[in-house]
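Chain by chain, the residues run as shown.
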Amino acid sequence: PCGRMPLGAVSLEKSYGDLAVLKGVDLAVDRGSRLVVLGYNGAGKTTLLRLLAGRERPDGGRVVHGHGLRLGYFAQEHDTLDTGASVRENLAAAAPGLTDGEVRRVLGSFLFGGDDADKPAGVLSGGEKTRLALAGLVHSGANVLLLDEPTNNLDPASRDEVLAAVGTYPGAIVMVTHDEGALDALRPDRVLLLPDGTEDLWNAEYRELVALT
Ligand code: ATP
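About the thresholds
Residues numbered from 1 in each chain as written. Predicted model: local features only at pLDDT ≥ 70, side-chain atom pairs only at ≥ 80, totals over all residues. Heavy atoms only, no water. Near = heavy atom within 4 Å. Polar contact = N/O pair within 3.5 Å; in protein donor to acceptor, adjacent residues only side chain to side chain. Areas by Shrake-Rupley, 256 points an atom, 1.4 Å probe, with all protein chains shown as cover. Helix = DSSP H or I, 4+ residues; strand = E, 2+ residues; numbered from the N terminus. Core = buried A, V, L, I, M, F, W, Y, C linked by side-chain atoms within 4.5 Å. Buried < 20%, exposed > 50% of the residue type's maximum accessible area, 1.4 Å probe, protein only. Contact = heavy atoms within 4.5 Å. 1 Å grid on protein atoms, 1.4 Å probe; cavity = no way out; pocket = protein on both sides within 12 Å on 5 of 7 lines; lining within 4 Å. Points joined across faces, edges and corners; volume = space filled by probe spheres on them. Nonpolar A, V, L, I, M, F, W, Y, C, P; charged D, E, K, R; others polar. Arc of directions from axis to C-beta.

Per an unreviewed UniProt entry, the chain goes by ATPase subunit of ABC transporter with duplicated ATPase domains and derives from Streptomyces spectabilis.

This is how it looks when you write it as structure tokens:
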């Protein structure tokens, strides 16, 4: 019914108590397209991704999941990882299409040089968890990835690796970011601004980010 649009939202509204966070957000994510979501702290970026992922329900409007949508979600809190399972098991579970050899190759090149494959994912650092989760998503076979500030806690070298890997991902990507390098690397087709209604908070940094696109 949605044609080539795997994911969309119509007039999305979400409040927490008296706080109206999303006040009528529309978006359409076409196949293979890249959308970056910008806004201040508290503007509702994570809330929007959680609604798109079906983790929360909107108070108004609706999320449209197109036929055959397979969604991958990167949460800043890394709650998609199984902390008791090993690094290797997490990657294999996230990307069931990979052969054992491909899992070894991904772990060897993209993650940790392969040495940490048998560690439980729970003992990894924040940045290592990010890299593991993103490696799983990039190879998951999902057709839309929702990425919530994926470069947040990465050192510069890891950030470049991750952005290169994400850049080769063939499906659609919706990325929340404050990172100019990530915005640049993703080359978004569109940028969605979530205003919080306080114009004087709209600072030069964001103007520059928007001007880049
Ligand atoms: P940041 O850039 O800081 O990550 P954000 O744009 O992702 O911010 P959200 O995490 O979506 O913002 O939060 C938007 C607002 O909604 C914030 O003021 C937050 O405190 C509030 N909020 C989010 N989740 C809840 C909740 N479960 N209960 C109450 N308030 C919430």
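Continuing now.
Draft legend 1. Looking closely at the site of the ligand. Among the 13 residues in the neighbourhood of the ligand, the closest are listed as Gly 42, Gly 44, Lys 45, Thr 46 and Thr 47. Contacts to the ligand include Gly 44, whose backbone N or O atom sits 2.9 Å from an oxygen atom. Burial of the ligand by the protein chains amounts to 59% of its free accessible area of 640 Å². Every element with two or more residues in the shell around the ligand is listed here: β2 (19-29) and α1 (45-52). When residues in the shell around the ligand are grouped by element, the largest group, three residues, is from α1.

Draft legend 2. Summary view of the nonpolar core. Ranked by size, the top nonpolar core spans 33 residues in total, and within it Leu 91, Leu 132, Leu 145, Leu 147, Val 166, Ile 173 and Met 175 carry the most contacts. Secondary-structure elements contributing two or more residues to this core are β3 (34-39), α2 (87-94), α3 (100-109), α4 (126-138), β6 (144-148), α5 (156-167), β7 (172-176) and α6 (180-186). Ranked by the residues each element gives to this core, the list is headed by α4, at six residues. Beyond its immediate sequence surroundings of up to four residues, Val 166 is in contact with Arg 34, Val 138, Leu 147, Ile 173, Met 175 and Leu 186. Core analysis: the second largest hydrophobic core is formed by 25 residues, Leu 12, Leu 22, Val 37 and Leu 48 among them.

Draft legend 3. Spatial organisation of the layout of surface pockets. Space inside the largest pocket adds up to approximately 160 Å³. Counting only elements with at least two residues in the lining of the largest pocket, the list comes to α2 and α4. With four residues, α4 is the largest single contributor of residues to the lining of the largest pocket. In terms of residue class, the lining of the largest pocket is built from seven nonpolar, four polar and no charged.

Draft legend 4. Up close: α3. Within α3, burial applies to Val 103, Val 106 and Leu 107. Down the axis of α3, the sector holding all buried residues measures 95°, keeping them to one side. Those residues of α3 that are exposed and aimed more than 90 degrees away from the buried face are Arg 104, Arg 105 and Ser 109. Residues of α3 that are buried in the fold lie against α2 and α4.

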